[in-house]
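# Fold and contact review
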Amino acid sequence: MTPIVQLYPLPARELALEGLYLGQDLRGLAAARERPFVYSNYASSLDGRIAVPRADGRGLIVPPQVANPRDWRLFQELAVQADVIISSGRYLRDYAEGRAQEILQVYGDPRFADLRQWRLDRGLAPQPAVAVVSASLEFPVPAALVTGGRRVVVVTHSEANGERVHQLEREAGTVVFAGDSAVRGGAMIEALAGLGYRLIYMATGPQVHHLLLSDGAVDRLYLTLASRLLGAVPFSTIVEGELLQPPFDVTLNTAYLDPVALDGLGQLLLSYDRASR
């Protein structure tokens, strides 16, 4: 693959795209801390669109004008390092209907064979666990998600439907409660930590992102910024919910220019760390 250019930290230099985010050693960062390391990741247009209406009008989809193989490679590098990947009931509904793909694609795709080997070399489970965040619990548990011993953890609140909780315990194995009448971001991370998860990848939508940000529970944000403006309503952006008070402050960790993505338009590959208070 054509190299990228490191813009920050200086000095500027060319780097290979492959291995870029693996080289940040997120597992090492998590091991050196008392609490889990939580990171999120989004790809966005310049006007803030991470999801736009599907052509058939059934919900929203990652804009095809933004999605590209070079960003997808980096998404996989982030996913393969995780102990657990946070998803949502909506994702499982889309997955069951064939409108969503497997989050981690290092199995069955020769492009990511090196990532599969990376995980095996470290003695990790073949796939990260999946944490499904849902208040309603109205989602199926696809058989493909729990095959091969993969762990599925359902995160809900203590007032959730008890009958459905018991059903999901039979189907998925583990249900944890993270809040009284609604799921709380900080409580979610504490519950996942209690199950032994140290490196947590937030790979779902902006409302769950808001839950975590509002409790100061995100340590790093990865953002791919495509050189395109899209418009479109309705749409989703990287965080949706009430005004964050105080704001969630971040500092720039890394910035790279990928000059060849999107047929030469290029994209910025950014990461931000939670600012210390």
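A few points on the structure. (Residues numbered from 1 in each chain as written. Predicted model: local features only at pLDDT ≥ 70, side-chain atom pairs only at ≥ 80, totals over all residues. Heavy atoms only, no water.)

### Looking at the overall build of the protein chain
- Across its full length, the protein chain holds eight helices and 13 strands.
- Taking 19 Å as the expected radius of gyration for a compact globule of 277 residues, we find that the protein chain reaches 18 Å, a close match to that expectation.
- If you line up the protein chain on its principal axes, its C-alpha atoms span 55 × 45 × 45 Å.
- Here the analysis covers contacts within the protein chain between residues at least 6 apart in sequence; of these, 70% occur between residues at least 24 apart.
- As displayed, the protein chain has an accessible area near 12,900 Å², and 54% of this comes from carbon and sulfur atoms.
- Computed over 26 positive and 30 negative side-chain charges, the separation of the two mean positions in the protein chain equals 2 Å. (Helix = DSSP H or I, 4+ residues; strand = E, 2+ residues; numbered from the N terminus. Rg over C-alpha atoms; globule rule 2.2 N^0.38 Å. Contact = heavy atoms within 4.5 Å. Areas by Shrake-Rupley, 256 points an atom, 1.4 Å probe, with all protein chains shown as cover. Lys, Arg positive; Asp, Glu negative; His and termini not counted. Charge placed at Lys NZ, Arg CZ, Asp CG, Glu CD.)

### Considerations on the nonpolar core
- Core analysis: the biggest nonpolar cluster contains 31 residues, and I86, V155, M188, L192, I200 and L212 have the highest contact counts within it.
- Put simply, the parts of the chain that give this core at least two residues each are β3 (37–44), β6 (84–88), β7 (129–133), β8 (152–156), α7 (185–194), β10 (199–202), α8 (206–214) and β11 (220–226).
- Filtering out sequence-adjacent residues up to four positions away, L192 remains in contact with V84, I86, A131, V153, Y197 and I200.
- Counting residues in each nonpolar core, the second largest holds 27 residues, with Y21, F37, A79 and W118 among its members. (Core = buried A, V, L, I, M, F, W, Y, C linked by side-chain atoms within 4.5 Å. Buried < 20%, exposed > 50% of the residue type's maximum accessible area, 1.4 Å probe, protein only.)

### A short note on the side chain of R164
- Looking at where R164 falls in the secondary structure, it is placed in helix α6 (residues 162–171).
- Buried charge without a salt bridge: R164, with E171 as the nearest opposite-charge side chain at an N-O distance of 4.1 Å.
- Excluding residues within four positions of it along the chain, R164 makes contact with L137, F139 and E171. (Salt bridge = Lys/Arg side-chain N within 4 Å of Asp/Glu carboxyl O.)

### Things to note about the packing of α7 against α8
- Two elements in contact, α7 and α8, have axes whose closest approach is 6 Å; the angle formed by their N-to-C orientations is 85°. Classified by the angle their axes make, α7 and α8 are roughly perpendicular. Where α7 abuts α8, its residues G185, M188 and I189 lie against V208, L211 and L212.
- In terms of residue class, the contact of α7 with α8 is built from five nonpolar, one polar and no charged. (Axes fitted to C-alpha atoms, helices over the stretch in contact; angles between N-to-C directions. Parallel < 35°, antiparallel > 145°, perpendicular 65-115°, else oblique. Nonpolar A, V, L, I, M, F, W, Y, C, P; charged D, E, K, R; others polar.)

### Looking at unusual backbone geometry
- The linkage connecting L10 with the following residue, P11, adopts the cis geometry, with an omega of 5°.
- Residue position: P11 is located in the loop between β1 (4–8) and β2 (13–15).
- The peptide bond linking V233 to P234 adopts the cis configuration, its omega dihedral lying at -10°.
- Here P234 lies in the loop between β11 and β12 (250–258).

### Regarding the environment of L270
- If you trace the backbone, L270 turns up in strand β13 (residues 267–274).
- For L270 and L211, which are 59 residues apart along the polypeptide, the C-alpha to C-alpha distance reads 22 Å.
- The contacts of L270, once residues within four sequence positions are left out, are Y21, L221, Y222, L223, T254 and A255.

### Observations concerning the packing of aromatic side chains
- In total, this model carries six aromatic pairs according to the counting rule given.
- Arranged with centres 4.7 Å apart and planes meeting at 55°, the rings of Y21 and Y222 form a pair that is tilted. Separated by 201 residues along the polypeptide, Y21 in the loop between β2 and α1 (26–31) and Y222 in strand β11 bring together distant segments of the chain. The same class applies to Y21 and to Y222, which are both buried.
- Summarising the aromatic geometry, the rings of Y39 and Y222 are spaced 6.4 Å apart at their centres and angled 80° between planes, so their arrangement reads as edge-to-face. Pair noted here: Y39 is in strand β3 and Y222 is in strand β11, with a separation of 183 residues, a long-range link.
- We classify Y222 as buried; its relative accessible area is 0%. (Phe/Tyr/Trp six-rings, centres within 6.5 Å; stacked < 30°, edge-to-face > 60°.)

### Some details on the pattern of salt bridges
- Under the criterion given, the structure shown has 10 salt bridges.
- Between D258 and R70 there is a salt bridge, and its shortest N-O distance comes to 2.9 Å. Residue D258 is located in strand β12, and its partner R70 is located in helix α2 (residues 69–80); the two are separated by 188 residues in the primary sequence.
- The class for R70 is buried, based on a relative accessible area of 10%.
- Of the charged contacts in the structure, one is a salt bridge between D114 and R73, with a shortest N-O distance of 2.8 Å.

### Description of the environment of R228
- Of note, R228 is situated in the loop between β11 and β12.
- On the accessibility criterion, R228 (26% relative accessible area) is partly exposed.
- Separated by 98 residues in sequence, R228 and V130 have C-alpha atoms that sit 32 Å apart.
- Filtering out sequence-adjacent residues up to four positions away, R228 remains in contact with S45, L46, D47, Q65, L262 and L265.

Remember that the coordinates give geometry; whether it matters functionally is a separate question.
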